[in-house]
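Geometric and topological summary
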Amino acid sequence: MNTATLARRPGASAAPAEIDALLLWPAVALLLLGLVMVYSASIATAEGSAFTGHQPAYFLVRHAVFLSVGLVGALIAFQIPLRFWQQLAPWLFLGGVALLAVVLIPGIGKSVNGAQRWIGLGPINLQPSELMKLFAVLYAADYTARKLTEMDSFRRGFVPLAAVMIVVAGLLLREPDFGAFVVIISIAMGILFLGGMNGRLFAFLIVAMGAAFAVLILSSPYRWERIISYMDPWRDSFGKGYQLSHALIAFGRGEWFGVGLGASVEKLFYLPEAHTDFLLAVIAEELGFAGVVAVVGLFALLTWRCFMVGRQALLLDRIYAGLVAQGIGIWFGFQSFINMGVNMGLLPTKGLTLPLMSFGGSGIVANCVALAVLLRVDYENRRLMRGLPA
């Protein structure tokens, strides 16, 4: 059922004024579990590195600071009505594009492991691509809400958004940040589809995008090597397949209930990026199958609630709010699916963190603000259902 149809349906019965517990508490659980697991996964790396001053709690402290900043940002964001977010959306998107361009300027952008994705701001590094995911949700929802009656038109409905997304894609691929590129394009396409894009046109675009992704992979030696190592990580387990092979070892060691919190062996300088991209592998080793199922279940519940909150907004004729909520659901659901797939060896290795859990300043702040916007949608829905102004 598309947005236009939902918008014509009447609202549901009155609901309590408090925020949906099934929306709030899974997010809180993921944030807190992430804090614990970032410390567990990073303690050996921090203690053994001169860069961290051999402080075991280095990453824990930084993650806690970033989380605190994110929660303060979330409290501020929650106070902003959705109508103001809609007015700000184009300007935030332009600001994000500007930051993506600035990060490519030599001397300003900071390069790590061959990727230039960060802007150094004293003791912290800003990663514009993480902020751009939130800005893409806000802008794509605004664009779709304004063009709702033209979604069946390729030229008027799709081409304008595609043009600006091509600019964003070009900047992201220059960094390169293929993972963020895939997530942002998926967010935009998902919101267009939810906004009522013609089904045949959408199917054609999916096929075209699949072909484009294949060309990008085949034209880039390092991406192709990742595909090869993904298909058989044990063929070069000390080279291209090193990360995946050790992630799989971590999953195997965890068995049903894990080896115990803090008892991971793979995090002891075997598994690279244990506290960022491969945090789930450490969870699997220390908390076992039960821990992984709990994390998957929490993300599934959170994603489902995003779509339900968005659907309720659409039933209340709040097109922009509904698309924002569902866009955040696409973001969290799709990125967590990719990260989990990479950790389990179901998808090729890609540098994407686990939302709400992995270490990373810009990412955790953007995630917290997105959650606040989502909670604001739910809050306004409930007020309207009780006959109060949003």
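From a predicted model like this one, the values you see are computed outputs, not experimental measurements.

Reading the values: rules and limits
Throughout this description, residue numbers start from 1 for each chain and increase along the sequence as written. Per-residue local features of the predicted model are confined to residues with pLDDT of at least 70, and side-chain atom pairs are confined, for both listing and counting, to 80 or more; whole-chain, interface and lining totals are unaffected and use all residues. Hydrogens are left out, water is left out, and the side-chain values use all remaining heavy atoms of the structure. Secondary structure is summarised from DSSP: a helix means a run of H or I of at least four residues, a strand means a run of E of at least two, and numbering begins at the N terminus for each. Each residue's exposure class comes from its accessible area (1.4 Å probe, protein chains only) as a fraction of the maximum for that residue type: buried when under 20%, exposed when over 50%, partly exposed otherwise. By the counting scheme adopted, Arg and Lys are positive, Glu and Asp are negative, and His together with the chain ends is not counted. Any Lys or Arg side-chain nitrogen found within 4 Å of a carboxyl oxygen on Asp or Glu counts as a salt bridge. Residue contacts follow a heavy-atom distance rule, with two residues in contact if any of their heavy atoms lie within 4.5 Å. Each residue carries a pLDDT score, the predictor's own confidence in it, on a scale running from 0 to 100. A helix's residues, less one, multiplied by 1.5 Å, set its expected span.

**Quick notes on the side chain of Glu175**
Mapped onto the elements of the fold, Glu175 is located in the loop between helix H6 (154-174) and helix H7 (178-194). As a buried residue without a salt bridge, Glu175 has its nearest oppositely charged side chain in Arg117, at a separation of 4.6 Å. Once you skip the residues sitting within four places of it in the chain, Glu175 turns out to touch Leu100, Val103, Leu104, Gly114, Ala115, Gln116 and Arg117.

**A closer look at the confidence of the model for the protein chain**
Chain-level pLDDT for the protein chain is 88 on average; 95% of the residues reach the 70-or-more range. Considering each helix and strand of the protein chain separately, the mean pLDDT is smallest for helix H1 (residues 3-7), with a value of 45, and largest for helix H11 (residues 279-315), with 97.

**Describing unusual backbone geometry**
Of note, the bond from Glu175 into Pro176 is cis; its omega dihedral lies within 30 degrees of zero at -5°. Although it is not a glycine, Glu255 sits at a positive phi angle of roughly 45°. Positive phi is not limited to glycine here, since Leu356 has a value of about 70°. Summarising the element assignment, Leu356 is placed in the loop between helix H12 (319-344) and helix H13 (361-385).

**Thoughts on helix H10 (residues 242-254)**
In an α-helix, one turn spans 3.6 residues; hence positions three or four apart end up facing the same way. Over its 13 residues, H10 runs 19 Å from end to end, which matches the ideal 18 Å to within 8%, given 1.5 Å per residue. Along H10, the positions that sit buried rather than exposed are Leu244, Ser245, His246, Ala247, Ala250 and Gly254. Where H10 ends, the next residue or the one after it, Glu255, has phi of about 45°, a positive value.

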